[in-house]
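Chain by chain, the residues:
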Amino acid sequence: MKEPQLDYAAVFHALPGMVALLTPGLLYADANEDFLRLAGRSREQLLGRYIFDVFPENPNDPAAAGMRETRASMLRVLETGERDTMALVRYDIEDRERPGHWAEHFWSPVNAPVTDADGHVLLIVHRVEEVTELIRARGASDSGRARVLEAELYTRARELQDINERLRRAHARDREVALALQEAMLPAPSPVGHHRAAVRYQPAASTLNVCGDWYDLVDLPGDRIAVAVGDVVGHGLKAACVMGQLRSALSAAARVADGPARALEAVGLYARRVDGAESSTVVKTFIDWAAHTIVYSSAGHPPPLLLHPDGTVTLLDQATDPPLGARPDHVPRPEATTPFVEGGTLVLYTDGLIERRHEDIDLGLARLSDALVRHGQAGPEELADALLADLLPPAGSTDDVALVIIRL
């Protein structure tokens, strides 16, 4: 039996309760029938208008805070991409039949995001439940006790909102500390020997999603360098601390190991003893200008890209193994070698640059390859900026991004 085609617009307008859709600029995009009826506004009076122009704050109440609290909730949704449930809020409404007369109203609002595949907020679902009659009913049945309960409910609701705001500020402070720690532990952007290189670290847009992405560049004896990019599972201060330990361990191992595979083997053994390091991914490359070769090994990490001077792109995906600490027993890691021609470009990155929710990773790799070909003639610094601009969503990535570009 063929499934019926749903008319989602009709479903939205028939939803019980007051529901409106707002743009990121907080303009009305739509409202259901209950919203129009209970708010006493026609669709034409709402669509395309700023919410707080349609419903301004009561100018006769100097303590009114409903507009400020509602706007703050909506901005949090835009910033975090997460649902925000507000505490009980008093927000008076002007009587349209008697301009200048304001009726007391109490509301229980919830604001939720509608996002695209990249996590960018396209719309805000603004659902409100009016509880004014409940408050008044309490007053009618037992005015003294009801007013006490009303005052207590309102006070507890405001306390809950204050606690939530303090938690958000604490998360924001944690994010700042994690970013400072990551920046302190990552090597400063500088040339490696006489070769041109560019590095970028782009933190996640969300205040709650600072992760453990990292990079490392090491001079080796002869005309050689070792380059690595890695990603620690988890987020916040713990991930940043684990990142620092793994980066330092791999940097040291690269100086004594006879190739990237042996360096990853050593760090894999170390990762088993570091809480939170299990399943971290990393790719390690040794670049030899005298031999014109790149030797590489990957522990579960997205493959580096090699742009040749003729405009073709090669994925370095012939030596991929599970992430660090993923195997119960020690097994030698694979290693592959590929030649390069002077004038080529090597790109290493973390998955935040290419991965999108509900999308196959091959599409992200194709986007990166296309952007690399388009901008490949630019210098490393300009190329790094161009790749970030082309590949990251306008509102920023929901995951951290580390990027290293080496001109060969």
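Heads up: these notes are all about the structure in this document. (Residues numbered from 1 in each chain as written. Predicted model: local features only at pLDDT ≥ 70, side-chain atom pairs only at ≥ 80, totals over all residues. Heavy atoms only, no water.)

### Re the overall build of the chain
Each helix and strand counted, the chain has eleven helices and 19 strands in total. Classification of the 408 residues of the chain by burial places 47% in the buried group. The long-range fraction of contacts in the chain, counting pairs at least 24 apart against all pairs at least 6 apart in sequence, stands at 62%. Here the chain displays about 20,000 Å² of accessible surface, and carbon together with sulfur accounts for 54% of that area. (Helix = DSSP H or I, 4+ residues; strand = E, 2+ residues; numbered from the N terminus. Buried < 20%, exposed > 50% of the residue type's maximum accessible area, 1.4 Å probe, protein only. Contact = heavy atoms within 4.5 Å. Areas by Shrake-Rupley, 256 points an atom, 1.4 Å probe, with all protein chains shown as cover.)

### Topic: the layout of surface pockets
Here the largest pocket is characterised by a volume of approximately 410 Å³. Together, 24 residues line the largest pocket, and M18, A39, F55, I93 and W107 are the ones closest to its centre. For the lining of the largest pocket, the elements supplying multiple residues, two or more each, are α2 (33-39), α4 (51-54), β5 (93-94), β7 (106-115) and β8 (121-130). When the residues that make up the lining of the largest pocket are grouped by side-chain class, the tally is 15 nonpolar, four polar and five charged. (1 Å grid on protein atoms, 1.4 Å probe; cavity = no way out; pocket = protein on both sides within 12 Å on 5 of 7 lines; lining within 4 Å. Points joined across faces, edges and corners; volume = space filled by probe spheres on them. Nonpolar A, V, L, I, M, F, W, Y, C, P; charged D, E, K, R; others polar.)

### What about the side chain of D351?
Topologically, D351 is positioned in the loop between β18 (345-349) and α10 (361-375). Apart from residues no more than four positions distant in its own chain, D351 is found in contact with D231, P302 and D399.

### Examining unusual backbone geometry
When glycine is set aside, most residues are seen to have a negative phi, and most peptide bonds are trans. Phi at L26 takes a positive value of approximately 65°, unusual for a residue other than glycine. By the element assignment, L26 lies in the loop between β1 (18-22) and β2 (28-31). A positive phi is found at S279, a non-glycine position, where the angle reads about 70°. As for its placement among the helices and strands, S279 is situated in the loop between α9 (260-271) and β12 (281-288). Accessibility expressed as a relative area gives 37% for S279, which makes it partly exposed.

### Focus: the environment of I406
Structurally, I406 can be placed in strand β19 (residues 401-407). When the C-alpha positions of I406 and V347 are compared, they lie 6.6 Å apart, and in sequence the two are 59 residues distant. Beyond its immediate sequence surroundings of up to four residues, I406 is in contact with R196, A197, L217, I225, V227, I287, W289, G344, T345 and L346.

### Things to note about the pattern of salt bridges
If you walk through the whole model with that rule in mind, you get 15 salt bridges. Residue R90 is joined to D61 by a salt bridge in which the shortest nitrogen-to-oxygen separation is 4.0 Å. Residue R90 is located in strand β4 (residues 89-90), and its partner D61 is located in the loop between α4 and α5 (66-80); the two are separated by 29 residues in the primary sequence. Given a relative accessible area of 30%, R90 falls into the partly exposed group. Through salt bridges that share partners, D61, R90, D92 and E104 make up one connected network. (Salt bridge = Lys/Arg side-chain N within 4 Å of Asp/Glu carboxyl O.)

### Focus: empty space enclosed by the protein
All chains considered together, the criterion is met by two cavities of 30 Å³ or more. Computed from the structure, the largest cavity encloses a volume of approximately 140 Å³. Along the walls of the largest cavity sit 14 residues, with R272, D329, H330, V331 and R333 positioned nearest its centre. The class makeup of the residues in the lining of the largest cavity is five nonpolar, three polar and six charged.

### Focus: the pairing of β19
It is a general feature of regular strands that their side chains alternate between the two faces of the sheet. In terms of burial, β19 is largely enclosed, as seven of its seven residues are buried. Across the two faces of β19 the burial is the same, with V401, L403, I405 and R407 and A402, V404 and I406 all buried. Across six bridges, the pairing between strand β9 (residues 197-202) and β19 is antiparallel. Residue V199 lies in a different strand from β19, and its bridge partner there is V404. (Pairing = 2+ DSSP bridges.)

### Details of the packing of aromatic side chains
Under the definition given, this model contains three aromatic pairs. Pairing Y50 with F52 gives two aromatic rings, centres 5.6 Å apart and planes at 80°, and the pair type is edge-to-face. Overall, the relative accessible area of 26% leaves Y50 in the partly exposed class. (Phe/Tyr/Trp six-rings, centres within 6.5 Å; stacked < 30°, edge-to-face > 60°.)

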